[in-house]
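Residue strings, one per chain:
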Amino acid sequence: MTQHIPGAVVWCLAVVTFVGLLLLIRQHRITAALRRRLRLHEAALSARDEEIRHLAETRLPALVKASRDADATPVPGRPLDAELAATPYGRSLQRIVDQLSGVGEAARLRADKSAKSTLKTTMRALQALASEQQLSISEMQGRHDDPDVLQDLLEVDHANAQFGRRAQAVAVLCGSWPGRQRAASPLLEVVRGATSRIRDYRRIEVHSRVDMDVVSRAVEPVVLAVAELLDNAARHSQPNTKVEVGIRPAHNGVSIVVDDAGIGMDAGEADEAARRLSGREDIDIHRLGDPPQFGFAVIGVLAARYGFRVSVDMQSPYGGVRAVLFLPDALLNRVRFMGPPIPVQGAEAQPASPSPSRVEAGAAADAVPRAGAGAGAVPGARAAGEAPAARAGTAAPEAAARPGPPAEPSPEVGSAAPSAAGGLPKRRRRSPVRQETDASPAPARPGSQLARPPAEAASRMGAFARGTRSGRDASTDSEGNAAQ
Amino acid sequence: MTPSRPGRDRGLVRPYVITEGRAHPTRNTVDLVTLVTAVRDRPLNSLNPEKRRVMELCGGGALSVAEVAAHLSLAVSVTKVLLSDLIDSGHLTVRPPIPKAQLPDARLLQEVLHGLRSRF
């Protein structure tokens, strides 16, 4: 019996040992699995550490830098681990980045807006003061006869004009209007007006082969844009060189070409200039450099708003930069090519003017020679001695092109005869304005005095129609511009 | 006669551009009532627009300096600079106003009148 006991013990031991072994193996497996999971988690943790360190040290600084520097769309680095990006953790990180960049952008916009509005109101006030001062200077120039006083006044006037231009430029850049509404003016006057506003106006030489008007709404912006181009040209060239301005007809517009003999621009500057001149990019006044470079940005804004084009990517024949401002036909009055259209433009600008200035019947004979002389007297480059016959020929298409004034033919009919009689004295000159305004709305049948009442009625209707038309033009224009 | 007048904007082209920065006329004999007349057949190519206007204004006869200034909408002193230039370049001739001393004495005329009345 006792012999059986060890056997049983042995069996028991064997079973216990077996079970122990099983348990040990199982435990070992469990431990290995746990170890594996621990390793995995450790790896994931260090990946997250690494990711968040990357966020703090690389992506956020890149974001800050992108919002500070000019180049728009911030691309602040990618996440390190692509797998992590798909997890909730990665998405949360991305949300942090997005929100931060949104906050930065919003703050930038807000700061830009408030800076612009402050600058705009300040500059508008300065601009108004400069205009007021210009008026008083003009009055003083008329009042004082002493050349010494005039010399001083001219200098003050010059400084004031430059001051006004600077204020105007900054105001425009901040979204303001260019300011004054001017009458339609000949291109040559527009360029000379621009010349008036820069420091080295004596170095500007203007050659014009075109005699056309810039439409009223575009005068001031074009003056400002040309002034900025001239200022650039004059400032970046030697003081003893000339800046040449050519006004040249083009296919469907006119080019104002500014050539300087300066140092030119390198490729980087040219790219930057082209970018600003395009007017497409949003101007951030904090990024214009120090000192701020307003010129091209202002031109770009004006060009985009009024529909002309400016390029500075050519070399001038004198070694410097050739800047070209292209004015499309929409901003020009082609009519000036022909006969005596000026009074018509005057009537458009001030629709009321023709009626008070109607000429008495007796003046009719007198009128004709003046019309001839008047056409020649345009301050542009038109040849002074232009034959009235040629004008008579050109006037017909003009009348056709222009719907308003019914009376275009009348001035030419008369103009051939009296120009021969030409020599008589001052009397003719005395009432020039009346003559001009009379010429355009004159009756369709020039010879008969009987035709006057209907003709007068027609011209009044014409003036009214022109007035409403120009009013409508002006209002659509302002809306269009406001929309931009 | 003044085609540029309706469209002319006085503030656009400033006087220093018109006179090229000069305020002193090259001659001081020009005053408000000096009469100027254009000399025909002078080349106008080299003249600026204001000077051309002057030549056209003065083409038909004599004009006083004040009248020219009014037609150009310029200050008289600025106009004097332009006119002096044109006189120097031979584009204009000057006719000074008739001096008082050369006008017949009013008393003399009165006496002639009385004489004539008593005679007839």
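Here the residue index of a chain counts from 1 through its sequence in written order. To label them, take the chains in the order written and letter them from A, then take the ligands in the order written and number them from 1. Since the coordinates come from a predicted model, pLDDT governs what is reported: local features require at least 70, and pairs of side-chain atoms require 80 or more to be given and counted, while whole-chain, interface and lining totals use all residues.

## Some words on the overall build of chain A
Okay, step 1: Tallying secondary structure elements over chain A gives 15 helices and 8 strands in all.
Okay, step 2: Put simply, a residue is buried when 20 or more other C-beta atoms lie within 10 Å of its own C-beta and exposed when 12 or fewer do; between those, it is partly exposed, and each C-beta is set from the backbone. Taking all 484 residues of chain A together, the buried fraction comes to 36%. Elements are defined by DSSP. Helices are runs of H or I of four residues or more, strands are runs of E of two residues or more, and each kind is numbered from the N terminus.

## Some points on the overall build of chain B
Okay, step 1: For chain B, the count of helices and strands is 6 helices and 3 strands.
Okay, step 2: The order of α-helices and β-strands along chain B, N terminus first, is α-α-β-α-β-α-α-β-α.
Okay, step 3: Counting across all 120 residues of chain B, residues that qualify as buried make up 46%.
Okay, step 4: Contact between two residues is assigned when their C-beta atoms, built from the backbone, lie within 7 Å. Restricting to contacts in chain B with at least 6 residues of sequence separation, those with at least 24 account for 72%.

## Looking at unusual backbone geometry
All names here are of chain B.
Okay, step 1: Positive phi, normally seen in glycine, also occurs at Glu 20, with a value near 55°.
Okay, step 2: Within the fold, Glu 20 resides in the loop between helix 2 (15–18) and strand 1 (35–38).
Okay, step 3: For Glu 20, a count of 11 C-beta atoms within 10 Å corresponds to the exposed category.
Okay, step 4: A positive phi angle, near 60°, is found at Asp 41, a position not held by glycine.
Okay, step 5: As for its position among the elements, Asp 41 is in the loop between strand 1 and helix 3 (49–57).
Okay, step 6: Residue classification places Asp 41 among the exposed residues on the basis of 7 C-beta atoms within 10 Å.

## Some words on the confidence of the model for chain A
Residues and elements named next belong to chain A.
Okay, step 1: Scored by pLDDT, chain A comes out at a mean of 75, with 68% of its residues at no less than 70.
Okay, step 2: For every residue, the predictor reports its confidence as pLDDT, a number between 0 and 100. Of the regions scoring below 50 in pLDDT, residues 336–421 engages in 195 contacts with residues more than four places distant in sequence or in other chains.
Okay, step 3: A low-confidence stretch, residues 428–451 (pLDDT under 50), is modelled with 75 contacts involving residues beyond four sequence positions or located in other chains.

## Brief notes about helix 5 (residues 76–88) of chain B
Residue and element names in this part refer to chain B.
Okay, step 1: Compared with an ideal rise of 1.5 Å per residue, which puts 13 residues at 18 Å, helix 5 spans 18 Å between its outermost C-alpha atoms and is within 8% of the ideal.
Okay, step 2: Summarising burial for helix 5: 12 of the 13 residues are buried, a large majority.
Okay, step 3: Residues Val 76, Ser 77, Val 78, Thr 79, Lys 80, Val 81, Leu 82, Leu 83, Ser 84, Asp 85, Leu 86 and Ile 87 constitute the buried set of helix 5.
Okay, step 4: Backbone geometry just after helix 5 places Gly 90 at a positive phi near 85°. Helix span, expected: 1.5 Å multiplied by one less than the number of residues in the helix.

## Focus on the nonpolar core
Okay, step 1: Put simply, a nonpolar core is a cluster of buried Ala, Val, Leu, Ile, Met, Phe, Trp, Tyr and Cys residues tied together by C-beta atoms within 7 Å. The biggest cluster of nonpolar side chains holds 93 residues, and the ones touching the most others in it are A:Val191, A:Val214, A:Val222, A:Ala225, A:Val226, A:Leu230 and B:Leu83.
Okay, step 2: Of the residues forming this core, the biggest block, 12 residues, is contributed by helix 6 (residues 216–235) of chain A.
Okay, step 3: Domain segmentation is taken from an automatic or database assignment of domains. Among the domains, domain 2 (87–176) and domain 3 (177–333) of chain A are the pair contributing at least three residues each to this core.

## Comments concerning the sheet that holds strand 8 (residues 332–333) of chain A
Residue and element names in this part refer to chain A.
Okay, step 1: Strand order in the open sheet formed by 3 strands is 1-3-8, with antiparallel pairing between adjacent strands. The sheet terminates laterally at strand 1 (185–186) and strand 8, the two strands that pair on one side only.
Okay, step 2: Direction of pairing for strand 1 relative to strand 3 (residues 213–214): antiparallel, over a ladder of 2 bridges. Note on strand 3: the bridge partner recorded for Ser 185 is Val 214. For two strands to count as paired, DSSP must find a minimum of two bridges between them.

## Notes on the packing of helix 4 (residues 147–173) of chain A against helix 6 of chain A
Residues and elements named next belong to chain A.
Okay, step 1: Every axis in this analysis is a line fitted to C-alpha atoms, fitted for helices over the stretch in contact. Angles between the N-to-C directions lie between 0 and 180 degrees. One way to put it is that helix 4 packs onto helix 6 with a least axis distance of 11 Å and a crossing angle of 110°. In this view, helix 4 runs roughly perpendicular relative to helix 6, as classed from their interaxial angle. As for how helix 4 packs across helix 6, the hand of that crossing is left-handed. Taken together, the residues of helix 6 that come into contact with helix 4 (itself represented by Arg 165, Gln 168, Ala 169 and Val 172) are Leu 224, Ala 227 and Glu 228.
Okay, step 2: Class assignment of the residues belonging to the contact of helix 4 with helix 6 gives a composition of 4 nonpolar, 1 polar and 2 charged. Working definition: roughly parallel below 35 degrees, roughly antiparallel above 145 degrees, roughly perpendicular at 65 to 115 degrees, and oblique for all remaining angles. Crossings are classed by handedness, with left-handed meaning an anticlockwise turn of the near helix from the far one by less than a right angle and right-handed meaning a clockwise turn. Throughout, the ten residues Ala, Val, Leu, Ile, Met, Phe, Trp, Tyr, Cys and Pro are labelled nonpolar, Asp, Glu, Lys and Arg are labelled charged, and all others, Gly among them, are labelled polar.

## Here we look at the packing of helix 4 (residues 65–72) of chain B against helix 5 of chain B
Two quantities define a packed helix pair, namely the angle between the helix axes and the distance between the axes.
Residues and elements named next belong to chain B.
Okay, step 1: Closest axis-to-axis distance for the helix 4/helix 5 pair is 9 Å, and the angle between their directions is 105°. In terms of their interaxial angle, helix 4 and helix 5 are classed as roughly perpendicular. For the pair helix 4 and helix 5, the contacting residues are Val 65, Ala 66, Val 68, Ala 69 and Leu 72 in the first and Val 76, Thr 79, Lys 80 and Leu 83 in the second.
Okay, step 2: Along the lines of polarity and charge, the residues of the contact of helix 4 with helix 5 split into 7 nonpolar, 1 polar and 1 charged.

## Side note on the confidence of the model for chain B
Residues and elements named next belong to chain B.
Okay, step 1: Residues of chain B with pLDDT of at least 70 account for 87%, and the chain-wide mean is 84.
Okay, step 2: Averaged pLDDT values over the elements of chain B bottom out at 40 in helix 1 (residues 4–7) and peak at 93 in helix 2.
Okay, step 3: With pLDDT under 50 throughout, residues 1–7 is counted as low confidence; its partners more than four residues away or in other chains account for 36 contacts.
Okay, step 4: Two numbers describe this predicted complex: its pTM, 0.63, and its ipTM, 0.78.

## Section: the sheet that holds strand 7 (residues 321–328) of chain A
Residue and element names in this part refer to chain A.
Okay, step 1: If you trace the 5 strands from one edge of the open sheet to the other, you get 2-4-5-7-6, paired in mixed fashion. The two strands at the open ends of the sheet, each matched to only one other strand, are strand 2 (204–208) and strand 6 (309–315). In this sheet, adjacent strand axes meet at a mean angle of 20° when their direction is disregarded.
Okay, step 2: The sheet contact formed by strand 2 and strand 4 (residues 243–250) spans 5 bridges and is parallel. In the strand pairing of strand 4, His 207 is matched with Gly 246.
Okay, step 3: Against the sheet, helix 5 (residues 187–195) makes contact with strand 2, strand 4 and strand 5 (253–259), and its axis sits at roughly 170° relative to strand 2, the strand it touches most.

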